[in-house]
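Coordinate inspection notes
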Amino acid sequence: MTDDFTIIPTPHTRRRHKSELRFQWYGKAAIIAALGFLVLMIGSIGYKGVGVIYQTKIELDIQLNADAFDPAQLRKADFSGLVKTALRARFPDVKNRRQKRRLYGLVSSDAGFELRKMVEGNPNLIGSTIKIQLTASDDIDTFIKGKIDKNLPESDRRVKDVEINWIEKLQADNSVVQVFNTAFFTSGDSREPELAGILSALVGSFFTLLVCFLLSFPIGVLAAIYLEEFAPKNRWSDLIEININNLAAVPSIVFGLLGLTIFLNTFGLPRSSPLVGGMVLALMTIPTIIIASRASLRAVPPSIREAALSIGATRVQTTFHHVAPLALPGMLTGSIVGMAQALGETAPLIMIGMVAFIVDVPASILEPATALPVQIFLWADSPERAFVERTSAAIIVLLGFLVVMNLGAILLRKKFEQRF
Amino acid sequence: MSKIVESLPNIPEVLPLDPAPQADPAVRVKPLITARNVNVFYGQKQALQNISLEVPANQVTALIGPSGCGKTTFLRCINRMNDLIDICRVEGSIEIGGQDIYHKDVDVVTLRAQVGMVFQKPNPFPKSIFENVAYGPRIHGLAASKAELQDIVEASLEKAGLLAEVHDRMNAPGTSLSGGQQQRLCIARTIAVEPKIILMDEPCSALDPIATARIEELIDELRENYTIIIVTHSMQQAARVSQRTAFFHMGELVEEGATEQIFTAPRDERTQSYITGRIG
Amino acid sequence: MEKTKTINFMAKSSRHRRVEQGVIAVLIACSTLAIFTTIGIIASLIFEAIQFFKFIPITDFLFGLNWSPQTAIREDQIGSGGSFGVLPLITGTFLISAVAMALATPLGLFSAIYLAEYAGPKVRAYIKPLLEILAGIPTVVYGFFAALVIAPFIRMTGSEIGLEVASESALAAGIAMGVMITPLISSLSDDVINSVPQALRDASLGLGATHAETVAKVVLPAALPGIAGSLLLATSRAIGETMIVVMAAGLAAQLTLNPLQAVTTITVQIVTLLTGDQEFDSAKTLSAFALGLMLFLVTLCLNAIAHQIVRHYREQYD
Ligand SMILES: Nc1ncnc2c1ncn2[C@@H]1O[C@H](COP(=O)(O)OP(=O)(O)OP(=O)(O)O)[C@@H](O)[C@H]1O
Ligand SMILES: [Mg+2]
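Let me sum up the structure you'll find in this document.

**Observations regarding the site of ligand 1**
All names here are of chain B. Taken together, 14 residues lie near ligand 1, and Lys45, Ser67, Thr72, Thr73 and His233 sit nearest. With respect to ligand 1, the side chain of Thr73 contributes an N or O atom lying 2.4 Å from an oxygen atom. For ligand 1, whose free accessible area comes to 630 Å², the fraction covered by protein is 67%. Mapped by element, the contributors of at least two residues to the shell around ligand 1 are strand 2 (45-55) and helix 3 (71-78). Sorting elements by how many residues they give to the shell around ligand 1 places helix 3 first, with three residues.

Written as structure tokens, this is what we have:
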């Protein structure tokens, strides 16, 4: 009886151990695959987007002949003509029209405007020859950043051999420089990639989130207080509860449809405005805030309520003087997480028309605006190659804000965690 | 206590011929399980101290002692269920059939197939009665055909004394049985794997007296083919079902011997106090 | 001069009470907003959808095989049916969601199993939040990545092995969506697997089962209802997802189940129909609301069933 006791595995058992290892490996592989995708996605977008930090500029000598300017009306002068003249002077052998157009295309269509700003800033320059750094066009910028393969056949390339030739000449006398790209952070949208910036979208997002927060935080918190501290447990409160849970799972685009029919068509609120965008996002965020706030109210020990009630405070006083302040950090944490979600929302904003081409920075919540994720969507849709870099950079900025908000929420939670 | 007398005739069967150094004669056959200087730690906390114990084959050995003294811990050492607890560390050696089960080459799966365990609370799988019992033979590849599996399941249920009650509802969920039936189902599930040893951790603590009596009868029958170690809080139960008894106290093995001797003439004062109800 | 203190059990001043009641009224108003939102959604969708069904019979909408809303603008075509058949959109939505679920189910489940059953507490503490980052990334980012990286990659691979792949294939959108919903499945399933009683694992391991056998044959079957709930929730998310498909799936409605072709979805069409000029008296614009109503009802049902299953499951082991 004792002799046949064996703890040496049979071949059958060995096979089972192999499948055990395989099984564990599946688990690891799944996690690695998911995280690998994350790294790949962020990595490739980051790689494509970092280039935006620098903008290529072309340094030109421009003669500001006094006879080209009317001192009373500096603005009227033909600044882009001056830029063109300077380019022709730099490359005198370019003769035919097609070639000339290409030559003028080295710099952005905004180059004349850049020159005007400089002259307006210092009219004394008129009459002299100045050195100015002009924004290079998007294709040239992309080429300089090494994202166009020189070895491709010329017909498949946006930047042709002549242009490469000019660029190389300019580079040879250090006239091609890379400077910090302030325009990306200080200007609005543009049809020209090299001029497009995220400022108007950022401000649009800020206004939208502001409206969203001002609506959803008080409403969400007050609703949570009612449900957790006052509501009798009956069918009515069950109904509210079910509703909240369901709303949290309704597709975001449906909220957009609601905003379109109710806020725009019925109430006639201004289309494309951060006000309406914020209202729609608030409806989506409120369930999140209610759920988080209720959890944090539930974490306040009953002894605090009993203490307040026992010295004669009413229930309203107890709640607002003692319970709610203790639950506030948790409520804020939940709200920040909700705001971070709202910041990334795109579809509902498209529905209410915040998908416009916005050059100017919106000045109020009633003006047409767009939001950062919508700007990303718009740029992603643009055919110009250079917009890939802008889109990626805008995504990095968006993710940056999300990281900051979520870290803030985590820190807040950590700080107030062991209160009770 | 009358049950002791009834079960006494079993002991002479294994009585060895030559006198032993121990006071107790029964162990002098080659023991099936030998624990030597077993120390168990949960993190910093020591749960068992220097346990040395020999368990003879085809007998029922009862582990008794006050709550928290380490009975479950010791039991779980024998089929290495303690491996599942991260902070648990076992020192010393436990041999079964002459092989150290804590040796690094030992395959726990093979070990556990031969050292079955019945838990304190009946824990049938949320599957049918049939599937509960068929699970073990299936994973170990014990049945070559469906018919063979059917035979194993029925034989195991029969041995566990449950077949008559469930033969017409083998597909009902195991959880639909009564507590006592569930525990017998768990026993059937354990013996379907054909272990050599069955460890039982307070198998009757969740049961009423009638179900308990039924299980005790069953244990007595199983003794013929299996070596059983049972943890119990009931002195009467230990006396009724076991041939040998080990008394644990605060992580130490205080005393071990023939059940009758432990209950009638304990050598240690602590054993005396415990069985008379003064500590525990 | 001495005044005896009087004890007064009477209610405080009525002004005081009015304030309290006012506060509570405000609280109630805030909490009912959720109900009004739901009513608002349902009412507005139904109202506009009814307008739509005045143009197009509901049967043509539900059973039509052809979706091309552009052609119906012409006067003589209004109500002529055939152009507003929703079936290609449903198959498109289904196809992309199926690709997404086919990827997310194994990824999510195996991650959950690994985290719940094998990973130590330290590994878990790091991996779980990392996985959840995937759920926190805005969907435009996935859409951009799908269109810019995944779709060209699939096309290239396809042409290498001689497969015809559309530039906006259902596969590309489905893959991005699958990764996006993976953390939804993994974190819900992880909770569910953790709530399977340890006694069941002990029983199986005590019989000499390996850990993998225990998980596959005991833990997962016991956790099945909860896992099914999490899969339903994920499906509902996939069906309602908009940006990924808008950016990475096509616009042309095709009745196909081939994931290498371009398909369009309900959400894509809603976005397309409502960007640009809207005429709330044309079938074209109104059809977006019929689609929205359909989307709302389908996701609502899936969510309701999922919540029911999960709740039922929780009660079972509490
Ligand atoms: N998983 C664990 N982690 C830490 N300590 C443990 C663990 N399991 C048991 N212990 C400790 O080990 C000691 C022995 O526990 P054990 O469960 O073996 O006692 P027991 O004799 O079976 O008690 P009872 O009769 O109550 O079942 C106790 O002090 C207990 O607190
Ligand atoms: Mg115990």
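There is more to say after this.
**Overview of the state of the cysteines**
Counted by the stated rule, this structure contains zero disulfides over all chains. Cys204 of chain B forms no disulfide, and the closest cysteine sulfur to it belongs to Cys186 of chain B, at a distance of 12 Å. The thiol of Cys30 of chain C is not disulfide-bonded; the next cysteine sulfur, from Cys212 of chain A, is found 15 Å away. Among the residues examined, Cys30 of chain C registers a relative accessible area of 13% and is labelled buried.

**Concerning the packing of helix 9 (residues 235-247) of chain A against helix 11 (residues 274-298) of chain A**
Residues and elements named next belong to chain A. It is the contact of helix 9 with helix 11, at a shortest axis distance of 8 Å, that shows an interaxial angle of 120°. With respect to helix 11, the axis of helix 9 lies oblique. Note that helix 9 runs across helix 11; the crossing there is left-handed. Two secondary-structure elements touch here, helix 9 through Glu241, Ile244, Asn245 and Leu247 and helix 11 through Pro287, Ile290, Ile291 and Arg294. Of the residues in the contact of helix 9 with helix 11, the class split is five nonpolar, one polar and two charged.

**Considering the sheet that holds strand 7 (residues 197-201) of chain B**
Two strands in a sheet stick together by hydrogen bonds in their backbones, pointing the same way (parallel) or opposite ways (antiparallel). All names here are of chain B. An order of 6-7-8-3-9-10 is seen for the six strands of this open sheet, with the pairing classed as mixed. Whereas interior strands pair on both sides, the edge strands pair on one side only; in this sheet they are strand 6 (115-118) and strand 10 (252-258). Recorded for the sheet is a direction-independent mean angle of 15° between the axes of neighbouring strands. In the sheet, strand 7 pairs with strand 8 (residues 227-231) via five bridges, with the strands oriented parallel.

**Some details on the sheet that holds strand 5 (residues 99-100) of chain B**
All names here are of chain B. Taken together, the four strands give an open sheet; going across it, the order is 2-1-4-5, and neighbouring strands pair in antiparallel fashion. Every interior strand has two partners, whereas the edge strands, strand 2 and strand 5, have only one. Bridge analysis of strand 1 (residues 33-42) against strand 2 gives seven bridges, and the strand direction is antiparallel. In the strand pairing of strand 2, Phe41 is matched with Gln46.

**Structural notes on the packing of aromatic side chains**
Aromatic ring pairs: the centre-centre distance and the angle between the two ring planes describe each pair. Here the structure, examined in full by the defined rule, presents 22 aromatic pairs over all chains. Measuring from ring centre to ring centre gives 5.9 Å for Phe23 of chain A and Phe110 of chain C, while their planes differ by 70°; the resulting arrangement is edge-to-face. With Phe23 of chain A in helix 1 (residues 11-49) and Phe110 of chain C in helix 3 (residues 87-118), this residue pair bridges two chains. Note on Phe23 of chain A: relative accessible area 14%, which makes it buried. Ring geometry for Phe74 of chain B and Phe248 of chain B: centres 5.5 Å apart, planes at 45°, overall tilted. Highlighted residues: Phe74 of chain B in helix 3 and Phe248 of chain B in strand 9 (residues 244-249), separated in sequence by 174 residues. Phe248 of chain B matches Phe74 of chain B in its accessibility class, with the two residues each being buried. Site record: aromatic cluster; members linked through ring pairs are Phe23 and Tyr26 of chain A together with Phe110, Tyr114 and Tyr118 of chain C. The ring of Phe91 of chain A has Arg90 of chain A lying over it, and the distance from NZ or CZ to the ring centre is 5.3 Å. Looking at Arg189 of chain B, its charged tip hangs above the ring of Phe125 of chain B, at a distance of 4.5 Å from the centre.

Conventions used here
- Residues numbered from 1 in each chain as written.
- Chains lettered and ligands numbered in written order.
- Predicted model: local features only at pLDDT ≥ 70, side-chain atom pairs only at ≥ 80, totals over all residues.
- Heavy atoms only, no water.
- Near = heavy atom within 4 Å.
- Polar contact = N/O pair within 3.5 Å; in protein donor to acceptor, adjacent residues only side chain to side chain.
- Areas by Shrake-Rupley, 256 points an atom, 1.4 Å probe, with all protein chains shown as cover.
- Helix = DSSP H or I, 4+ residues; strand = E, 2+ residues; numbered from the N terminus.
- Disulfide = S-S within 2.5 Å.
- Buried < 20%, exposed > 50% of the residue type's maximum accessible area, 1.4 Å probe, protein only.
- Axes fitted to C-alpha atoms, helices over the stretch in contact; angles between N-to-C directions.
- Parallel < 35°, antiparallel > 145°, perpendicular 65-115°, else oblique.
- Left-handed = near helix turned anticlockwise from the far one by under 90°.
- Contact = heavy atoms within 4.5 Å.
- Nonpolar A, V, L, I, M, F, W, Y, C, P; charged D, E, K, R; others polar.
- Pairing = 2+ DSSP bridges.
- Phe/Tyr/Trp six-rings, centres within 6.5 Å; stacked < 30°, edge-to-face > 60°.
- Lys NZ or Arg CZ within 6 Å of the ring centre and 35° of its normal.

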